[in-house]
Amino acid sequence: MNWTLAHPLHDVDDIVEMADSVFGVETDGILTRDRNVFRKNVTITATTQLFDKGREFLAVCRGDRIVSTMMGHGVVDDALLGYCWFDRGGYTTYANEEISNAKFHHVDLSLPAKQRVRLINQMIDQHILWANAWGIPVICSTSIRAEHDGFMRIHQKRGFKVNGSYAYIRTEDGMKGIK
């Protein structure tokens, strides 16, 4: 498994495909999804972070993925295993401290559970490290998925305060849990 910053020429289509085909149904009936709008936003963020790493963070994890075929099992190398996207500039109406919000923590749901948990923990590490590097004092992670209990439990084990589908932590406290 290899993490890199998302590249605007090499990663955008895979990110759009994973987001829409795996997680897109979570918003059906509420939002009208548009792959072109998402592709534009992913491309802009991936391009901007080449020049301004402190504005948003978009990273991909690639590696080998075992797939079932008519002939048995095969290996797809350099497959998108997951990606994470964080921004900054969030504030509440009752405090002046900046919040970094996680836009996405997406993993390939066909991966074994232990590998998915490892990827989510790596994404949380990256969020904490990025927010710390840029002086953002608070991190927030949310989920719109109907099945978010496991995702929130991972955050809770990492020291986040969890309320429903929201998880918050002070960046300095999150740094204490980085291994």
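Residues numbered from 1 in each chain as written. Predicted model: local features only at pLDDT ≥ 70, side-chain atom pairs only at ≥ 80, totals over all residues. Heavy atoms only, no water.

## Remarks on the packing of aromatic side chains
Counted by the stated rule, this structure contains seven aromatic pairs. Ring centres 5.8 Å apart and planes at 35 degrees place the aromatic pair Trp85 and Phe104 in the tilted group. Of the two residues, Trp85 sits in strand β3 (residues 72-86) while Phe104 sits in strand β4 (residues 99-107), which places them 19 residues apart along the sequence. For Trp85, a relative accessible area of 3% gives the class buried. What makes Phe104 partly exposed here is its relative accessible area of 24%. Joined through ring pairs, the aromatic side chains of Phe38, Tyr83, Trp85 and Phe104 make up one cluster. (Phe/Tyr/Trp six-rings, centres within 6.5 Å; stacked < 30°, edge-to-face > 60°. Helix = DSSP H or I, 4+ residues; strand = E, 2+ residues; numbered from the N terminus. Buried < 20%, exposed > 50% of the residue type's maximum accessible area, 1.4 Å probe, protein only.)

## Some words on helix α1 (residues 12-23)
Relative to the 16 Å expected for 12 residues at 1.5 Å per residue, α1 spans 16 Å between its end C-alpha atoms, a close match to the ideal helical length. Those residues of α1 not exposed but buried are Val12, Ile15, Val16, Met18, Ala19, Asp20 and Phe23. Turning to α1, the residues buried within the fold contact α2 (35-51), β2 (57-69), β3 and β4. (Expected span 1.5 Å × (residues − 1). Contact = heavy atoms within 4.5 Å.)

## Digging into the layout of surface pockets
Taking a probe equal in size to a water molecule and rolling it over the atoms shows the remaining empty space. Quantified by volume, the largest pocket comes out at close to 1,100 Å³. Together, 37 residues line the largest pocket, and Phe23, Phe104, His106, Ile144 and Arg145 are the ones closest to its centre. Sorting the residues of the lining of the largest pocket by element identifies α1, α2, β4, α3 (113-133) and α4 (149-157) as the ones contributing at least two each. Ranked by the residues each element gives to the lining of the largest pocket, the list is headed by β4, at six residues. A per-class count over the lining of the largest pocket returns 17 nonpolar, 10 polar and 10 charged. (1 Å grid on protein atoms, 1.4 Å probe; cavity = no way out; pocket = protein on both sides within 12 Å on 5 of 7 lines; lining within 4 Å. Points joined across faces, edges and corners; volume = space filled by probe spheres on them. Nonpolar A, V, L, I, M, F, W, Y, C, P; charged D, E, K, R; others polar.)

## A look at the pairing of β4
Alignment of β3 against β4, held across five bridges, turns out to be antiparallel. The residue bridging Gly82 from the neighbouring strand is Val107, located in β4. Inspection of the sheet shows β4 paired to strand β5 (residues 138-142) by three bridges, in the parallel sense. From the neighbouring strand, Ser100 faces β5, where its bridge partner is Ile139. This β-α-β element, β4 to α3 to β5, shows right-handed connectivity. (Pairing = 2+ DSSP bridges. Right-handed = clockwise from strand over helix to strand, strands pointing away.)

## Brief notes about α4
Within α4, burial applies to Phe151, Met152, Ile154 and His155. The buried residues of α4 occupy an angular sector of 150 degrees when the element is viewed end-on, so they sit on one face. Of the exposed residues in α4, those oriented more than 90 degrees away from the buried face are Asp149, Gln156 and Lys157. (Arc of directions from axis to C-beta.)

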